[in-house]
Structures are given as C-alpha cells and as structure tokens.
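# Structure assessment
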Amino acid sequence: MLDISPAEWTAILLSLRVAVIATLVATPFGIALAWLLARKDFWGKSFLDAVVHLPLVLPPVVTGYLLLLTFGRRGLVGAFLADHLGIVFAFRWTGAALACGVMSFPLLVRPMRLSIEAIDRRLEQAAETLGAAPLKVFFTVTLPLALPGVLAGMVLGFAKAIGEFGATITFVSNIPGETQTISSAIYSLIQTPDGDAAAGRLVIVSVILALGALIAAEWFARRATQRLHGN
Amino acid sequence: MLRVDVEKQLGEFSLSASFESEGRVTGLFGASGAGKSSLINMIAGLLRPDRGTIVIDGETVDDTAAGIHVPTWRRRIGYVFQDARLFPHLNVAQNLDYGRRMNRLAADPAQRTRVVELLDIGALLDRRPGKLSGGERQRVALGRALLSKPRLLLLDEPLGALDEARKVEILPYLVRLRDEANVPMVYVSHDVAELRQLATQIVMLRQGRVTSFGGVKVLT
C-alpha cells in the first residue's frame, strides 16, 4: 500500500532506534525522579520540578542549542565525555537520542509520578510489618502497583521522542543515515521539488505511530485503575 | 514478653504509658482517641516514641536514651490492621507467602497447611483481594501475619470494620488462634465483649494514660 523507499526506511528505523534508546535510558531516571517528587519533601523541590518541565515550555531550538553548548565537542560535558570516555553526542544518532530523551522527559515522568502518588501508603507499611526492607518494599509493592503508570509514561515519552524535531535538528543537524529522523526527513522533503509524495508517506507513518502510542497509553492508564481496585 | 514504657506528644495529645505483660493476649482497651493505635504503632515501630523503651521478647527494640530504634521490618512482628491491607496486585496465596519470602524463611508447607485450615481460607487461594468479602479479607490478613512467623502478633481492632454477623464469624478463629498458634498477641479494641472472650490481660487506656492493668476483671 505504502511504497516506502530505502531512504525513507532508513529515516523510520533511525527514528525508532533513537526513540527506543531514549525511552529505555530515560525510564530508570524517570522512575527515580517521579518517586522523589511524589514522596519526598526537600529544599529546592519546586525548582527541580520546574527544571524537569522546562523542555515542555522552552522553544525546542533553545533546548537544542543548550544541549549543543553543553554536550557539543567543545561543551563542558561533551569535551569531558569525548576525551575520557570516548562518548560523542554531537552530530551522532546518540545525540539525537539525548535530545529526544530530554525533550520527552517531562511527559515520561508525569504519569509515573501520578501513579506513585495514587498508591495507598498503608500497603507499604503493611509490607514493612511483614519484614520487607525499604528497597524490597519498593520493588515488591510500590513498583508493581505503579507499573501501569510507568508503562504509560514510557509510551508517552516514546511518542514524543519519535516526533521530536526542533531540539534534535539544532543539536545534531540533519544527516541522512546518522541523525535524519522521520521529522527531519519530512522537513527536507517538503523543501525539495517532487518531495511531496515521499513526505506524505512519512506523514502517514508518523500519524500511525503517534496514534498507536496514544491508544497504548490510554490502555495502560485503564489497567492502572483496575489494578488499584484489586481486580 | 512485652515491656512498654513510652511517652509521645502528638499535637495536643500526650501519650504516656507504661506496662509489662506476660499474657498470651494483652488487650489494649479504651475509647477512641485514648491512644490505643498510637501505642500499638509504637510497638510495631511505625511510630517513634519521644522518650522511653520498648522490649519485645527480651530484645530492646526502642530505647531513646541509648538511641536504639529497630526499624519495623526487623522487629519480627505480625500486624493485622483494621482494614486488612492485602496487596491488591497479588492473589491470596501470594499474599500469604509474602512475609516468608521477605524474611527469607524456608518454605514450611506443614505450617502453611495448618494456618490455611485454621482460618478456612483454602478455597480462596487463587483469588484476588478485590474479590473477597470483608470477613474473608480479615482472615487472609491474619494468615499472612502468622505465616511471617512473628514473635508477637499485633491486632488493631481487626473486627472494627465488620458488621455484627461478620464479627461473630471471625471471633471463633481468633480464639482458636490464641489457643493453637502459640504466638503472643496484643489486641486493640474498644469492645468489652470481644476482649472478655479473647484477652488474658488488660491494659486500660484513658486520654493517653494507663488507668488500670490486670486480669479481664478490670473490664467491669
């Protein structure tokens, strides 16, 4: 039905790889942060909360530029990572994953935080009286009960990551086969004469991916409610 | 068996209680707001006394002067809450085995069978807590606490959330537990009839103070 060319496949597969890696790497950090924001009161909490949400409200080009300044080859962190660990983000697909991870982080954290807040803490107390140490309580009670929210956050984060454009193209540019995701491929195609058909195909692919992710997120949210009611 | 001598300030309310019990079932009796739940939560380690000591089975679990506070999960107690608090994501069998797994105890099928039979919950093992009645939930909660092999079983108004008919249904199980399970209990209640049937010793609380202590006679 859709006659997708090898170049388009390259962009689609790259987008998927970037979004999957971004989501998987961001998830443990997201869970830790969600738990921190849901459960702990500490100095600077509202500031941390604001910083996490910043990519949601900043112009993506600003976020991308800040990433370039920080993680670029001459950036403070980027130079250190390149010299000492051999990790390079600038103009690589890993940089695209970093940009997508940062941009999708607020969306990933939010459902996780909400589901941790919804957990009845008296269940955790009960686990403690049964001999479970705090870390065991987290892995046997808190995390399983929050799992639907965790998955919903991952799906939403993935959907955002796969569509990310502004920060990615600013940070790692638009190199076919290395950093050209679906979004940047569409951007290039609609600037080329005769690019309309190819752009159209990629547009359809992104709509399908986004819709699928939203439906999955909705399904996980419903599971969350059922789980908390013990069915 | 259990020695408590604690003080705790909770907002306007001050709790100052001291008693020592060797009884099989120590009944903590008092009106609501007398400090029963705060006291039992201190024994469980969920609440930390401002001053004082708590000794369970010869082990000092709280001693504010010496800076000792053994966390709840290391106290080897069982706790049956008024609202059961079964884990909704686990079925009944998994709920029952939770304490054993957390304490890394070897499986003890004989004890498990005995407890399951004592509480008549064999038919419920595959069910989720959401599908149980209030009385069934409370029986499973009792079993779950017992199977973690506690040295002291705390019960905070375990019948409080049940209607009369359900209370009558559960009470015989508690009596059997007292006579067969061989675990000392602390039983919180504001119901004289309940304590008459179960308790061997009574600690009477009023506005945060112990007003009398002794046999079941003090309830009259």
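Before any of the text, the structure's been laid out above.
Residues numbered from 1 in each chain as written. Chains lettered and ligands numbered in written order. Predicted model: local features only at pLDDT ≥ 70, side-chain atom pairs only at ≥ 80, totals over all residues.

All right, on to the overall build of chain A then. Along chain A, the regular secondary structure elements total ten helices and zero strands. C-alpha atoms of chain A, sized along the principal axes, occupy 70 × 45 × 30 Å. Here chain A holds 231 residues, and the buried ones make up 43% of them. Across chain A, contacts joining residues at least 24 apart in sequence account for 77% of those joining residues at least 6 apart. (Helix = DSSP H or I, 4+ residues; strand = E, 2+ residues; numbered from the N terminus. Buried ≥ 20, exposed ≤ 12 C-beta atoms within 10 Å, placed from the backbone. Contact = placed C-beta atoms within 7 Å.)

Scanning chain B from N- to C-terminus turns up six helices and eleven strands. At 17 Å, chain B has a C-alpha radius of gyration in line with the 17 Å of a compact globule built from 220 residues. Its C-alpha atoms put chain B at 45 × 40 × 30 Å along the principal axes. Across the 220 residues of chain B, 44% fall into the buried class. Long-range pairs, those at least 24 residues apart, make up 71% of the contacts in chain B between residues at least 6 apart in sequence. (Rg over C-alpha atoms; globule rule 2.2 N^0.38 Å.)

Moving on, we get to helix α5 (residues 164-180) of chain B. Residues and elements named next belong to chain B. In this model α5 runs 25 Å from its N-terminal to its C-terminal C-alpha over 17 residues, within 8% of the 24 Å that 1.5 Å per residue would give. All of the buried residues along α5 are L174, L177 and R178. Structurally, α5 contributes buried residues whose contacts are with β3 (25-29), α3 (109-118), α4 (134-147), β9 (185-189) and α6 (192-198). After α5 finishes, the residue N182 shows a positive phi value of roughly 65°. (Expected span 1.5 Å × (residues − 1).)

Attention now moves to the interface of chain A and chain B. Each partner contributes residues to the interface: chain A has 19 residues there, and chain B has 21 residues. Where the side of chain A that touches chain B is concerned, the elements lending two or more residues are α6 (121-129), α7 (134-163) and α10 (196-228) of chain A. Ranked by residues supplied to the side of chain A that touches chain B, first place goes to α6(A) with six residues.

Moving on, we come to unusual backbone geometry. Not every positive phi belongs to a glycine, and A:D194 is a case in point at roughly 70°. Among the secondary structure elements, A:D194 is positioned in the loop between α9 (182-189) and α10. A count of 7 C-beta atoms within 10 Å places A:D194 in the exposed class. Positioned with a positive phi, B:R85 is a non-glycine residue whose angle comes to about 55°. Assignment of secondary structure puts B:R85 in the loop between β7 (77-80) and α2 (92-102). Given 22 C-beta atoms within 10 Å, B:R85 falls into the buried group.

This next bit is on the nonpolar core. Of all hydrophobic cores here, the largest spans 116 residues; its most connected members are A:A99, A:V155, B:L154, B:V186 and B:Y187. Residue contributions to this core peak at 14 residues, all from α7(A). (Core = buried A, V, L, I, M, F, W, Y, C linked by C-beta atoms within 7 Å.)

Next up on the list: the packing of α6(A) against α7(A). Residues and elements named next belong to chain A. The geometry of α6 relative to α7 is characterised by a closest axis approach of 10 Å and an angle of 135° between their N-to-C directions. Comparing their axes, α7 and α6 come out oblique. For the pair α6 and α7, the sense of crossing is right-handed. Each of L123, E124, A127 and E128 in α6 lies in contact with α7, whose residues at this interface are V137, T140, V141 and T142. In terms of residue class, the contact of α6 with α7 is made up of four nonpolar, two polar and two charged. (Axes fitted to C-alpha atoms, helices over the stretch in contact; angles between N-to-C directions. Parallel < 35°, antiparallel > 145°, perpendicular 65-115°, else oblique. Left-handed = near helix turned anticlockwise from the far one by under 90°. Nonpolar A, V, L, I, M, F, W, Y, C, P; charged D, E, K, R; others polar.)

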